[in-house]
Amino acid sequence: MTHNVLLLPGDGIGPEIAAQAARLLDACQKAGLDISVEEALVGGSAYDAHGVPLPDATLEKARKASAILLGAVGGPKWDKIDDLSKRPEKGLLGLRKNLGLFGNLRPAMLYPQLASASSLKPELVAGLDIMIVRELTGGIYFGQPRGIEERNGERVGFNTYVYSESEIERIGRVAFEMAQKRGKKLCSVDKANVLEVTILWREVMERLAPEYPDVELSHMYVDNAAMQLVRAPKQFDVVVTGNMFGDILSDAAAMLTGSIGMLPSASLNETGQGMYEPCHGSAPDIAGQNIANPLAMMLSVAMMLRYSLNETAMAERIEAAVGRVLDDGLRTADIASPGMQTVSTVEMGDAVLAAFAQG
Ligand code: IPM
Ligand code: MG
């Protein structure tokens, strides 16, 4: 069966790193992978062309795709748009919501070659391998009511933090299953000392635990989790949490690995369809300069092959190619130690392709 992949380059450095992913997909095809690749607009670039961040045509293509690869969206150019529903970020949130991509997997693993690029001491991060499982289509990001309105002569802003038992249960199951495949430790992060919604969250996680007797479940308040991540990150294996806590903790976890420029992510729905994107954003400050790190995007291709297309061998081949390129000392600016020579986006892409071609 031909896998049909939708590539959404997006904004900022998105198109530059997506170009490297496209070359890699091409190489996979030459190596025997049966795929077709289509492109579409999302985010600010879609807004510029069509006045909306998620055109119907893009959503239609996304629905039909076996998997979606997304670069990044957003940038200062569009921050002035008053109507929040037209902002580039809404393109991304709209894809997540419309496709039901509730299960967000954000690995934070340290490449041994990059230990010196971490902001923590090497001994604290050596061997680091955390998987953050973030709920992606609920919580305060989507809760109703929300808005800014006039009350008693002043404006009031409000959002709603809401989770149903079924929403908690399905993300809980993703996390327990992930823990079963990994180190068998699951830490559920909440704020159950203050927020009712997370009291329920904790209860549901507890209720699921007996079904996964091989997994050791623990709970942690989110403030403590933030502290533990920078104090002793290796205590974590799989972390499961809601949308907003996951947004924040995954950035912190990513930085422990030296560069957010290395980390891919997957967002999956109940049918296994997925959207794959680097954890970093559109980095408008370095866009168009051919200096962005394309590795998170290329590793997102690997993650897509593994989780949506069932092409584990090809995924491993990409990951091995990235490892070899790092072994050879190639570094984009974001992962270079002081004094190291750096390569451009395209040069890094070239190197990965060459290593991939060698098998
Ligand atoms: C992320 C990003 C998004 C989020 C933004 C761009 C809407 O920060 O994927 O982590 O908050 O989910
Ligand atoms: Mg984020």
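Below is a summary of the structure that appears in this document. This one's a predicted model, so the numbers in the text were calculated from it and none came from an experiment.

**Thoughts on the overall build of the chain**
Step number 1: Of the regular secondary structure elements, the chain holds 12 helices and 12 strands.
Step number 2: Taking 359 residues into account, the globule formula puts the C-alpha radius of gyration at 21 Å, and the chain, at 20 Å, falls close to it.
Step number 3: Projecting the C-alpha coordinates of the chain onto the three principal axes gives extents of approximately 60 × 50 × 45 Å.
Step number 4: A burial count over the chain gives 52% of its 359 residues as buried.
Step number 5: Contacts in the chain between residues far apart in sequence, at least 24 positions, make up 76% of those at least 6 positions apart.
Step number 6: Accessible area for the chain stands at about 15,200 Å²; split by element, carbon and sulfur atoms hold 53% of it.
Step number 7: Of the side-chain charges in the chain, 33 are positive and 45 negative, and the distance between the mean point of each set is 1 Å.

**Description of the packing of helix α1 (residues 14-30) against helix α12 (residues 345-357)**
Step number 1: It is the contact of α1 with α12, at a shortest axis distance of 10 Å, that shows an interaxial angle of 15°. Compared by their axis directions, α1 and α12 come out roughly parallel. Relative to α12, α1 is oriented so that their crossing is right-handed. Between α1, through E16, Q20, R23, L24, A27 and C28, and α12, the contact on the second element is made entirely by T345, V346, G349, D350, L353 and F356.
Step number 2: Across the contact of α1 with α12, the residue classes tally to 6 nonpolar, 3 polar and 3 charged.

**Points about the layout of surface pockets**
Step number 1: If you add up the space inside the largest pocket, you get close to 480 Å³.
Step number 2: In terms of lining, the largest pocket is formed by 22 residues, of which the most central are E89, L92, R96, R106 and D247.
Step number 3: Where the lining of the largest pocket is concerned, the elements lending two or more residues are β3 (67-72), α4 (88-98), α9 (243-256) and β12 (274-278).
Step number 4: For the lining of the largest pocket, the element with the highest residue contribution is α4, accounting for 5 residues.

**Quick notes on the side chain of T345**
Step number 1: Tracing the backbone through its elements, the reader meets T345 in helix α12.
Step number 2: In this structure the side chain of T345 is engaged in a polar contact, spanning 2.7 Å, whose partner is the backbone oxygen of A292.
Step number 3: Aside from chain neighbours lying at most four places away, what touches T345 is E16, Q20, N290, I291, A292 and P294.

**Concerning the packing of aromatic side chains**
To describe a pair of aromatic rings, one takes the distance between the centres and the angle between the planes.
Step number 1: Considering all chains together, one arrives at 4 aromatic pairs under this definition.
Step number 2: The structure contains a cluster of three or more aromatic residues connected by ring pairs, namely Y161, Y163, W201 and F245.
Step number 3: Just above the ring of Y141 sits the side chain of R134; from NZ or CZ to the centre is 5.3 Å.

**Considering the pattern of salt bridges**
Step number 1: On inspection of all chains with the given rule, the structure shows 19 salt bridges.
Step number 2: The salt bridge partner of D26 is K30, with a shortest N-O separation of 3.2 Å. A residue pair is termed a helical-turn pair when its members lie 3 or 4 positions apart in one helix, as D26 and K30 do in helix α1 at 4 residues.
Step number 3: Accessibility expressed as a relative area gives 36% for D26, which makes it partly exposed.

**Quick notes on the nonpolar core**
Step number 1: The biggest cluster of nonpolar side chains holds 69 residues, and the ones touching the most others in it are L69, V133, F176, L186, M262 and L305.
Step number 2: A total of 9 residues in this core trace back to one element, the largest contributor, which is helix α10 (residues 295-307).
Step number 3: Among the domains, domain 1 (1-102 + 269-359) and domain 2 (111-263) are the pair contributing at least three residues each to this core.
Step number 4: Sequence-distant contacts of L305, that is, excluding residues within four places in its chain, are made with C28, L33, N310, E311, T312, M314, A315 and I318.
Step number 5: Core analysis: the second largest hydrophobic core is formed by 20 residues, L128, C187, V222 and V239 among them.

What counts as what
Residues numbered from 1 in each chain as written. Chains lettered and ligands numbered in written order. Predicted model: local features only at pLDDT ≥ 70, side-chain atom pairs only at ≥ 80, totals over all residues. Heavy atoms only, no water. Helix = DSSP H or I, 4+ residues; strand = E, 2+ residues; numbered from the N terminus. Rg over C-alpha atoms; globule rule 2.2 N^0.38 Å. Buried < 20%, exposed > 50% of the residue type's maximum accessible area, 1.4 Å probe, protein only. Contact = heavy atoms within 4.5 Å. Areas by Shrake-Rupley, 256 points an atom, 1.4 Å probe, with all protein chains shown as cover. Lys, Arg positive; Asp, Glu negative; His and termini not counted. Charge placed at Lys NZ, Arg CZ, Asp CG, Glu CD. Axes fitted to C-alpha atoms, helices over the stretch in contact; angles between N-to-C directions. Parallel < 35°, antiparallel > 145°, perpendicular 65-115°, else oblique. Left-handed = near helix turned anticlockwise from the far one by under 90°. Nonpolar A, V, L, I, M, F, W, Y, C, P; charged D, E, K, R; others polar. 1 Å grid on protein atoms, 1.4 Å probe; cavity = no way out; pocket = protein on both sides within 12 Å on 5 of 7 lines; lining within 4 Å. Points joined across faces, edges and corners; volume = space filled by probe spheres on them. Polar contact = N/O pair within 3.5 Å; in protein donor to acceptor, adjacent residues only side chain to side chain. Phe/Tyr/Trp six-rings, centres within 6.5 Å; stacked < 30°, edge-to-face > 60°. Lys NZ or Arg CZ within 6 Å of the ring centre and 35° of its normal. Salt bridge = Lys/Arg side-chain N within 4 Å of Asp/Glu carboxyl O. Core = buried A, V, L, I, M, F, W, Y, C linked by side-chain atoms within 4.5 Å. Domains from an automatic or database assignment.

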